[in-house]
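# Understanding the architecture of this molecule
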Amino acid sequence: MQVRLLGPLDVMVDGAPQTVPGLRRRAVLATLALRAGEVVGTDQLIDAVWGTAVPSTAANTLQSHVSYLRHLLPGKSVIVARPPGYVLDVGEGGTDVLLAERLLRQGTQAGDPAEGVRQLREAAALWRGRSLANVTGLVWLEGQAERLDVLQLTIKRALAQARLTTGEHSALLPELEQLSAEYPLDEQIRAQLMLALYRCGRQADALAAFQRLRSELDEKLGLEPSQPLRDMEIAILRQDPSLDLAAALATAARAGAPAASAPPVPLTPAQLPSPVPGFAGRHAELHMLETIRSDGLADPATVTIAAVSGTAGVGKTALAVHWAHQVAKHFPDGQLFVNLHGFGPDGSAVSPATAARGFLDALGMPPTQIPDGLQAQTALYRSLLSGRRVLVVIDNARDADQVRPLLPGSPGCLAIVTSRHQLTGLVATDGARPLVLDLLSDEDARDLLARRLGKARIASDPRAVEEIVTGCSRLPLALSIAAARAATTPAFPLAAVATELREAGSTLDPFDAGDEATDVRAVFSWSYHALSAEASALFRLLGLYPGCDIESPAIASLAGESVDRIKILLAELTRANLLTEYRPLWYSIHDLLRAYAAELLTAHDSPQIHDDALRRMLEHYLHTAHSAVVLMEPYFNSLGLPPAPGGVILAPLASAGEAQTWFATEHASMLAAVHLAAAAGFDTITWQLAWAQSMFLLRNGSWNEQLMVQRIGLEAARRVGDQAGEAHLLHRLASGYAMAGRIDEADDLFRQALRQFQLIDDPANQAVILSSMTVLAGRRQRPGDALKYSLRAHDLFQLAGHRAGQALVLNDIGYAHALLGNYRQGLAYCHRALRATRELDARNWEAATWDSLGYIHHKLGDHRRSISCYQRAIERYQERADRFNEADTLISLGDVWLTLGQTDTACQVWRQALTIFEEIGHPDREGVQTRLARARTESHAS
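Structure report, in brief. What you are looking at is a predicted structure, and each value in this text was computed from that prediction instead of being measured.

## Brief notes about the overall build of the chain
Helix and strand counts for the chain stand at 44 helices and 14 strands. Relative to its length of 942 residues, the chain is extended, with a C-alpha radius of gyration of 39 Å against a globular reference of 30 Å. Overall, the chain is about 120 × 70 × 65 Å in size when its C-alpha atoms are taken along their principal axes. For the chain, with 942 residues in total, the buried portion stands at 52%. If you sum the accessible surface of the chain, you get close to 40000 Å²; carbon and sulfur atoms cover 51% of it. Of the charged side chains in the chain, 88 are positive and 104 negative, and the gap between their average positions amounts to 5 Å.

Next comes the structure, spelled out in structure tokens:
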């Protein structure tokens with residue numbers, strides 16, 4: 001059996017053609033046959049068969065067509081279901097396309113010219129008209145028909161060349177004249193015509209054929225004929241004996257080589273390096289490369305180019321070589337490989353001319369027939385690849401200019417290029433498909449170690465493995481070095497390697513494997529030394545940054561430049577893959593690169609540059625955080641910071657929502673900034689940074705982080721002797737204890753903060769402390785104290801002229817009355833609080849008041865109104881991202897639903913509260929669990 005595509009699609013069974021009825025059925029069979037032996041996904045089949053007009057029943061219809069074709073084709077397993085689609089398994093000659101490609105290879109490589117002519121004639125005879133003539137109107141298959149037209153032309157060229165070799169120039173002339181008329185710009189056909197005319201004694205006609213081509217190329221393309229064709233013109237003018245068949249054959253016989261008129265026998269290069277041992281993971285990236293290859297098959301008019309970029313040591317070459325070995329079978333005409341050393345240790349990159357000459361040698365081109373000059377060599381290289389299916393791997397490229405001369409020109413070929421730069425020029429102008437390689441996932445990093453060291457050794461100490469993965473920042477090169485160290489000392493436990501990494505801290509010393517190619521520090525240096533002076537200076541400053549993700553205003557503050565100015569430098573660092581721009585103006589740098597930058601900063605820059613840049617970055621976080629606090633709580637007592645110093649750039653925040661998002665995004669960086677400021681001795685900035693992030697940490701339920709940061713800030717304020725700072729940090733530390741449920745510790749610290757604010761005569765902040773103590777007294781079930789504190793706080797806010805504070809405390813007074821059972825008085829104060837906050841447009845502060853009203857109406861028996869108030873409170877708390885108070889109000893709301901006998905609804909609400917408490921680690925979760933358990937018990941009892 002054979003599926004025939006080189007003409008109307010049909011199936012030959014036992015020598016007799018069988019038609020395939022139905023355009024869509026023919027399209028299914030054609031798509032599978034064009035990729036015979038490969039799995040074709042159902043999505044690709046549907047796209048090829050229906051294009052943009054995909055019916056809703058396409059998947060079912062496709063199955064029906066496959067079932068029909070299985071009955072039509074002999075053999076039980078011709079079409080095999082193989083996820084994610086189907087494969088047509090018909091063997092090497094199962095389609096006339098496969099047969100034509102095989103005959104083309106054999107004919108051009110035949111040692112006997114007559115045998116070559118025979119096989120090429122057989123290949124040319126396979127065409128029965130226009131390829132896929134009865135599968136029309138489908139975009140993908142129309143493209144494939146064009147690809148088969150190119151194959152037919154390649155065979156015609158090869159057959160003509162073989163017939164010239166056997167001396168058939170006279171009989172060949174009419175065919176060459178017809179081909180030249182059909183393809184007036186084809187230089188290979190024109191060269192064959194010129195040679196045939198010359199050998200027939202028609203020198204003038206041969207030269208006229210050259211001049212016609214020159215005129216047509218100039219008129220239509222603005223180009224000159226290629227160097228080999230110009231060389232042939234000169235040879236004809238000189239009547240060079242090498243063009244004469246008899247002389248060429250005699251010379252070849254004496255030299256024991258093919259005749260000069262015959263094309264060099266093309267070799268099938270196999271230059272791929274050995275696959276990297278222990279290659280692990282990269283499943284998504286391998287799938288992406290396969291998608292790029294598949295998409296290339298769908299567009300027969302272009303060369304497929306994959307551009308793989310990534311930072312030093314991330315495994316670009318390993319990925320490219322691993323994938324190239326996987327797909328080599330689809331490129332039967334060979335695989336070329338070159339390492340351009342674009343970032344080599346000695347700085348001597350391979351020139352495109354040297355690389356092109358190496359490719360010509362690998363393709364079997366005799367040295368005497370290789371022209372001078374890169375342009376001529378590139379043209380010859382692409383001519384040799386014409387009509388062939390070759391995989392070209394171009395490794396370690398410096399830039400697009402180094403790559404372009406090495407790209408194949410034949411649509412059947414594929415090039416995969418690796419570089420530390422992103423090669424945007426290659427993407428923009430040459431249609432390359434980009435693939436940026438990131439660090440390994442944790443799972444893939446463990447798999448890499450397991451493949452190098454064995455699963456048993458990895459399983460013996462999972463904790464050490466995790467520590468090694470973390471210490472290597474999931475960078476494949478670093479992991480490989482660590483694995484090599486462990487492999488060479490099999491008697492040592494993995495914990496010893498982990499300890500070495502841990503004790504080395506933020507240095508790169510453990511990653512020196514003894515030579516430059518595997519020394520992480522040296523490998524990084526090759527990318528660093530390719531930077532401009534300004535970009536390299538900025539890269540060094542990034543060594544000061546305490547985290548992995550950083551936004552452009554923070555980087556601008558490090559450099560003391562505007563964001564617009566550093567965008568240019570950041571683009572250079574991103575192209576070099578020393579930074580990753582993972583979203584607009586947000587960048588990441590992995591730990592080992594940051595450690596390398598820190599080493600460079602210490603070695604090349606003065607301590608003053610170091611301290612100034614660090615201070616600017618810390619001031620950026622302080623002033624941006626302070627402005628975010630003001631947006632989130634416009635009536636909150638701010639620190640009254642002076643304007644940001646020169647060179648400090650703030651993140652642009654315009655709303656409370658943006659401020660909340662900024663805090664959430666910069667959470668880890670803000671925590672690190674406090675530690676960094678304290679270690680550098682910037683005590684004032686330390687306590688101010690601690691204060692500035694307190695509100696977010698409290699709302700977010702980050703109790704442990706709140707307590708840690710405020711303790712650091714308190715120590716810094718005391719070191720610098722700042723009484724106001726000490727008072728502020730005592731208050732924020734107390735608030736952390738209170739929210740964490742550590743009531744007694746919170747009460748003591750609140751009282752210390754109150755005394756401190758009394759000493760410095762700050763009535764407004766005294767009132768703030770008393771308001772916090774009111775809430776605490778309520779939680780301790782001391783309503784009398786709560787009322788006393790709230791009334792005193794109101795007087796102090798009034799004394800300070802703080803209207804927003806008075807509005808806030810009106811709710812405290814109302815809630816304290818409610819706790820005492822004075823519900824009507826409580827209602828009156830809470831409604832006054834609502835009016836006051838609305839007059840001030842302080843929507844944020846309504847949440848607590850609605851919560852108080854929910855409590856009061858519940859106690860008064862107005863459960864529906866209570867539910868409405870609690871729901872409003874929850875909405876406001878959600879707007880503020882105040883997770884603890886949202887959960888606290890959900891508990892109260894559940895209590896109301898239980899009172900109404902709606903146990904299921906109550907449990908549903910309590911479960912929401914429990915989820916929040918569990919996420920923020922609050923002890924009140926135990927009370928919620930008790931409520932849920934009691935509700936389940938009562939439900940079973942009833």
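## A closer look at the environment of K220
As for its placement among the helices and strands, K220 is situated in helix 9 (residues 203-220). When the C-alpha atoms of K220 and L185 are compared, they prove to be 9.1 Å apart, with 35 residues separating the residues in sequence. Apart from residues lying up to four places away in sequence, K220 is in contact with P184 and L185.

## Some points on the nonpolar core
One finds F539, I550, L573, Y621, F663 and L689 to be the most contacted residues of the largest nonpolar core, which totals 95 residues. Ranked by the residues each element gives to this core, the list is headed by helix 28 (residues 607-632), at 10 residues. Once you skip the residues sitting within four places of it in the chain, F539 turns out to touch Y528, L531, L573, L578, I589, L593, Y596, A597 and L600.

## Quick notes on the sheet that holds strand 11 (residues 433-436)
Read across the open sheet, the 5 strands follow the order 8-9-10-7-11; overall the sheet is parallel. At either end of the open sheet lies a strand with only one pairing partner, and these are strand 8 (335-339) and strand 11. Within this sheet the neighbouring strands show an average axis-to-axis angle of 15 degrees, counted without direction. Across 5 bridges, the pairing between strand 8 and strand 9 (residues 391-397) is parallel. Looking across to strand 9, one finds that N339 is bridged to D395.

## Regarding unusual backbone geometry
With the exception of glycine, most residues fall at negative phi, and the peptide bonds are largely trans. Look at Q239: it is not a glycine, yet its phi comes out positive at around 55 degrees. A positive phi angle, close to 50 degrees, is found at L423, a residue other than glycine. With respect to the helices and strands, the residue L423 is situated in the loop between strand 10 (414-419) and helix 17 (424-430). Residue L423 is classed as buried on the basis of its relative accessible area, which comes to 6%.

## Some points on the pairing of strand 6 (residues 85-88)
Bridge count between strand 4 (residues 40-41) and strand 6: 2 bridges; the pairing is antiparallel. If you follow G41 over to strand 6, its bridge partner there is G85. Direction of pairing for strand 5 (residues 79-82) relative to strand 6: antiparallel, over a ladder of 4 bridges. Directly across from A81, in strand 6, lies its bridge partner Y86.

## With respect to empty space enclosed by the protein
Following the criterion strictly, the structure yields 2 cavities of 30 Å³ or more and no others. Empty space within the largest cavity amounts to approximately 50 Å³. Sorting the residues of the lining of the largest cavity by element identifies helix 35 (743-759), helix 36 (763-779) and helix 37 (783-800) as the ones contributing at least two each. Counting residues per element, the lining of the largest cavity draws most heavily on helix 36, which supplies 3 residues. Each residue belonging to the lining of the largest cavity can be placed in one class, and the counts come to 4 nonpolar, no polar and 5 charged.

Conventions adopted
- Residues numbered from 1 in each chain as written.
- Predicted model: local features only at pLDDT ≥ 70, side-chain atom pairs only at ≥ 80, totals over all residues.
- Heavy atoms only, no water.
- Helix = DSSP H or I, 4+ residues; strand = E, 2+ residues; numbered from the N terminus.
- Rg over C-alpha atoms; globule rule 2.2 N^0.38 Å.
- Buried < 20%, exposed > 50% of the residue type's maximum accessible area, 1.4 Å probe, protein only.
- Areas by Shrake-Rupley, 256 points an atom, 1.4 Å probe, with all protein chains shown as cover.
- Lys, Arg positive; Asp, Glu negative; His and termini not counted.
- Charge placed at Lys NZ, Arg CZ, Asp CG, Glu CD.
- Contact = heavy atoms within 4.5 Å.
- Core = buried A, V, L, I, M, F, W, Y, C linked by side-chain atoms within 4.5 Å.
- Pairing = 2+ DSSP bridges.
- Axes fitted to C-alpha atoms, helices over the stretch in contact; angles between N-to-C directions.
- 1 Å grid on protein atoms, 1.4 Å probe; cavity = no way out; pocket = protein on both sides within 12 Å on 5 of 7 lines; lining within 4 Å.
- Points joined across faces, edges and corners; volume = space filled by probe spheres on them.
- Nonpolar A, V, L, I, M, F, W, Y, C, P; charged D, E, K, R; others polar.

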